[in-house]
Amino acid sequence: AQKVTQAQTEISVVEKEDVTLDCVYETRDTTYYLFWYKQPPSGELVFLIRRNSFDEQNEISGRYSWNFQKSTSSFNFTITASQVVDSAVYFCALSEDTGFQKLVFGTGTRLLVSP
Amino acid sequence: ETGVTQTPRHLVMGMTNKKSLKCEQHLGHNAMYWYKQSAKKPLELMFVYNFKEQTENNSVPSRFSPECPNSSHLFLHLHTLQPEDSALYLCASKDVAGETDTQYFGPGTRLTVL
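Criteria and cut-off values
Residues numbered from 1 in each chain as written. Chains lettered and ligands numbered in written order. Predicted model: local features only at pLDDT ≥ 70, side-chain atom pairs only at ≥ 80, totals over all residues. Heavy atoms only, no water. Helix = DSSP H or I, 4+ residues; strand = E, 2+ residues; numbered from the N terminus. Rg over C-alpha atoms; globule rule 2.2 N^0.38 Å. Buried < 20%, exposed > 50% of the residue type's maximum accessible area, 1.4 Å probe, protein only. Contact = heavy atoms within 4.5 Å. Areas by Shrake-Rupley, 256 points an atom, 1.4 Å probe, with all protein chains shown as cover. Lys, Arg positive; Asp, Glu negative; His and termini not counted. Charge placed at Lys NZ, Arg CZ, Asp CG, Glu CD. Buried area = accessible area lost by both parts, 1.4 Å probe. Salt bridge = Lys/Arg side-chain N within 4 Å of Asp/Glu carboxyl O. Polar contact = N/O pair within 3.5 Å; in protein donor to acceptor, adjacent residues only side chain to side chain. Pairing = 2+ DSSP bridges. Core = buried A, V, L, I, M, F, W, Y, C linked by side-chain atoms within 4.5 Å. Phe/Tyr/Trp six-rings, centres within 6.5 Å; stacked < 30°, edge-to-face > 60°. Axes fitted to C-alpha atoms, helices over the stretch in contact; angles between N-to-C directions.

Draft legend 1. A look at the overall build of chain B. Counting its secondary structure elements, chain B contains 0 helices and 11 strands. Against the globule reference of 13 Å for 114 residues, chain B gives a C-alpha radius of gyration of 13 Å, in line with a compact fold. Structurally, chain B occupies a C-alpha span of about 40 × 30 × 25 Å along its principal axes. Across the 114 residues in chain B, those meeting the buried criterion constitute 47%. Taking all contacts inside chain B whose residues are at least 6 apart in sequence as the whole, residues at least 24 apart take part in 53%. Roughly 5,300 Å² of accessible area belongs to chain B as shown, and the carbon and sulfur atoms make up 49% of that amount. When the 11 basic and 11 acidic side-chain charges of chain B are each reduced to a single mean position, those positions are 10 Å apart.

Draft legend 2. The interface of chain B and chain A, seen in detail. Contacts between chain B and chain A engage 24 residues on the former and 20 residues on the latter. Summing both partners gives a buried area of about 1,800 Å² for chain B against chain A, and 55% of it is carried by carbon and sulfur. Our count for the contact surface shared by chain B and chain A stands at 1 salt bridge. Its salt-bridge partner being Glu56(B), residue Lys102(A) comes within 3.7 Å of it at the nearest N-O pair. Viewed at the interface, chain A and chain B are joined by 3 residue pairs in polar contact (both at pLDDT 80 or more).

Draft legend 3. Summary view of the pattern of salt bridges. On inspection of all chains with the given rule, the structure shows 6 salt bridges over all chains. Sharing partners across several salt bridges, the network here consists of Arg51(A), Asp55(A) and Glu59(A).

Draft legend 4. Expanded view of the pairing of strand β11 (residues 109–113) of chain B. Residues and elements named next belong to chain B. With burial as the criterion, only one face of β11 is covered, namely that bearing Thr 109, Leu 111 and Val 113; the residues Arg 110 and Thr 112 on the opposite face remain uncovered. The pairing of strand β2 (residues 10–13) with β11 spans 4 bridges and is classified as parallel. Note that in β11 the partner of Met 13 across the bridge is Val 113. Across 3 bridges, the pairing between strand β9 (residues 87–94) and β11 is antiparallel. Among the inter-strand pairings, Leu 88 is bridged to a residue of β11, identified as Arg 110.

Draft legend 5. Seen up close, the nonpolar core. Residue and element names in this part refer to chain A. Counting 23 residues, the largest nonpolar core has Trp 36, Phe 77, Tyr 90 and Leu 111 as the members making the most contacts within it. Mapped onto this core, the elements with two or more residues apiece are β2 (10–14), β3 (19–21), β5 (33–39), β8 (64–69), β9 (74–79), β10 (88–95) and β12 (109–114). Ranked by residues supplied to this core, first place goes to β10 with 4 residues.

Draft legend 6. Expanded view of the packing of aromatic side chains. Residues and elements named next belong to chain A. Tallied over the full model, the rule gives 19 aromatic pairs over all chains. Here the aromatic rings of Tyr 64 and Trp 66 are separated by 6.0 Å at their centres, their planes lie at 85°, and the arrangement is edge-to-face. Trp 66 matches Tyr 64 in its accessibility class, with the two residues each being buried. Taking the centre distance of 6.3 Å and the plane angle of 85° together, the rings of Phe 91 and Phe 105 count as edge-to-face. Remark: Phe 105 occurs in strand β11 (residues 103–105) and Phe 91 occurs in strand β10; sequence separation between them is 14 residues. Under the relative-accessibility criterion, Phe 91 is labelled buried at 2%. The class for Phe 105 is buried, based on a relative accessible area of 3%.

Draft legend 7. Inspection of the sheet that holds strand β7 (residues 64–70) of chain B at higher detail. All names here are of chain B. The 4 strands lie next to each other as β1-β3-β8-β7, forming an open sheet whose pairing is antiparallel. With one partner strand each, in any of the chains shown, β1 (4–7) and β7 form the two edges of the open sheet. Within the sheet, the average angular offset between the axes of one strand and its neighbour, ignoring direction, is 20°. The pairing of strand β3 (residues 18–25) with strand β8 (residues 73–79) spans 7 bridges and is antiparallel. Opposite Leu 21, over in β8, you have Leu 76 as the bridge partner.

Here it is as structure tokens:
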């Protein structure tokens, strides 16, 4: 069975601090996909990144970076020099197949960035 | 309009009412999804439609009735709901044959059942 765990319910930081959001997943498949989505107060889930299980290269996009480690089944997300606009709920998700793609989400981590 | 739109954004209904949620995607996708987001629970997949055909019903009570008349539109018909059905209902779409393999979400409908 698939499962995604985001143990951090809420994180509060001050602007310009770096923050890491943890994601641990469980799957029996060798082929799977991992995602991060951002949900601002408006409610819409905004896609941030997709990573397949065969690509363990870390990725950096501006202030965002992702650390994928299959050995620990983790896909952590780091925001460098956080800004108030980063305040949102962040969801990690797992898909074991492509095609219709049934996403399994974690419970989310609420990030509060204060000025 | 661009992306995935949902109407209404907010809905309050009594348990005896009948209402419908609408989702429209302007991305040329061919798969559409309904999710339920309740407080302090993971997003729950409700239904999946692929090329207008329902391919997934995740044990959803019959008081929720989906309809997909074409690949661009998805409805969720609601009747005799319960207060515990109050949640944010999110629609998503995806290009099944595409390379990005990513679901794109709408802003959601915040439903309150009195």
